[in-house]
Amino acid sequence: MFVQEEKIFAGKVLRLHICASDGAEWLEEATEDTSVEKLKERCLKHCAHGSLEDPKSITHHKLIHAASERVLSDARTILEENIQDQDVLLLIKKRAPSPLPKMADVSAEEKFQTELRKILVSLIEVAQKLLALNPDAVELFKKANAMLDEDEDERVDEAALRQLTEMGFPENRATKALQLNHMSVPQAMEWLIEHAEDPTIDTPLPGQAPPEAEGATAAASEAAAGASATDEEARDELTEIFKKIRRKREFRADARAVISLMEMGFDEKEVIDALRVNNNQQNAACEWLLGDRKPSPEELDKGIDPDSPLFQAILDNPVVQLGLTNPKTLLAFEDMLENPLNSTQWMNDPETGPVMLQISRIFQTLNRT
């Protein structure tokens, strides 16, 4: 009789669709009086195939009601959260804060990045002069410019985009979320939910050029490419190609950092300046905005003293001398100048890597002495 009464007074059984961030989906049955925390524990056990090794993992996850994009409270029941039969719930891992780097490592890296920027500014001037003397310079830079065209656009992972749109998120928002979160579906999903009520959620990302501007750039490029082969016109064409390469390699501020800093009340221009000065490091950019704002953005374009022992040692290195005659090296310098986080890519490149390695070794040697 007691069992029957228990069944009578038990809450209504709901069949809920659970979607995990790894793409797993299943049906979970639960009564209305089940707490969200208990339901979350059962979902985690399902993901771990019946075992939950770390009890703390319960607090590291959250359940989200897909239709309303609400994060469910662990302390409340399914009934109190107004969950209905056949509703879709998302099981997402909470984002862990990134560990702070060691101060010694930060200071050494910042010192090298500061000096490297000055070195690159001066080496770009030298490389441009050397390459302009090459009779095949225009053709070489056309090919180099074509290489930039291959990966200029921000491509979106189609599978990731489809996964988000199938959950009900609009395609334009899903695309923006993926671009902000490096194509990570779980982080993009979390961003979409957190910013669902944000009035600027559909605003294009900072720095994105409108289609008309891109068309104008392409038209200008085609006009430059059609120039005749006289010496003067060839120099003009080379100058146009240099300008186009510089436009393509302009500093790209981290969109997430831009949004976060603008939410603190700073305007977009000063935020982008702060991120450019501080190599896209959000915390350092925030300190720069709140401090004396030095160095200024204008100081970033100053090169190293051409008579300094460091610069002379770099120019005397045969590997560097050979690299300065390669258009790809100039492209690498331009890219690293405005996007320091891309340095690893060029260090691993078989053509530009040896040049960067020699610059680093010379800097470290002279820095120790």
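Student: Residues and numbers for the overall build of the protein chain, please.
Tutor: Scanning the protein chain from N- to C-terminus turns up 17 helices and five strands. Looking at the protein chain as a whole, 37% of its 369 residues qualify as buried. Expressed as a percentage of contacts within the protein chain between residues at least 6 apart in sequence, the contacts between residues at least 24 apart total 60%. Total accessible area on the protein chain stands at roughly 21,600 Å², and carbon and sulfur atoms take up 52% of it.

Student: Break down the pairing of strand β1 (residues 13-20) for me, citing the residues and quoting the values.
Tutor: Bridge count between β1 and strand β2 (residues 25-31): seven bridges; the pairing is antiparallel. Counted as the bridge partner of Leu-16 is Glu-28 from β2. The loop that links β1 with its antiparallel partner β2 comprises four residues; one of these, Gly-23, has a positive phi angle of about 95°.

Student: Break down the packing of helix α6 (residues 171-180) against helix α7 (residues 185-194) for me, citing the residues and quoting the values.
Tutor: Across the interface, α6 lies against α7 with an axial gap of 8 Å and an inter-helix angle of 120°. By the criterion of interaxial angle, the relationship of α6 to α7 is oblique. For the crossing formed where α6 meets α7, the hand is right-handed. Touching Arg-173, Ala-174, Lys-176, Ala-177, Leu-178 and Leu-180 of α6 are Val-185, Ala-188, Trp-191 and Leu-192, all from α7.

Student: Describe unusual backbone geometry, and please don't skip the residues or the numbers.
Tutor: Lys-294 connects to Pro-295 through a cis peptide bond whose omega is 0°. Of note in this structure, Asn-82 is not a glycine but carries a positive phi near 60°. One can find Asn-82 in the loop between β4 (70-71) and β5 (88-93).

How each quantity is defined
- Residues numbered from 1 in each chain as written.
- Predicted model: local features only at pLDDT ≥ 70, side-chain atom pairs only at ≥ 80, totals over all residues.
- Heavy atoms only, no water.
- Helix = DSSP H or I, 4+ residues; strand = E, 2+ residues; numbered from the N terminus.
- Buried < 20%, exposed > 50% of the residue type's maximum accessible area, 1.4 Å probe, protein only.
- Contact = heavy atoms within 4.5 Å.
- Areas by Shrake-Rupley, 256 points an atom, 1.4 Å probe, with all protein chains shown as cover.
- Pairing = 2+ DSSP bridges.
- Axes fitted to C-alpha atoms, helices over the stretch in contact; angles between N-to-C directions.
- Parallel < 35°, antiparallel > 145°, perpendicular 65-115°, else oblique.
- Left-handed = near helix turned anticlockwise from the far one by under 90°.

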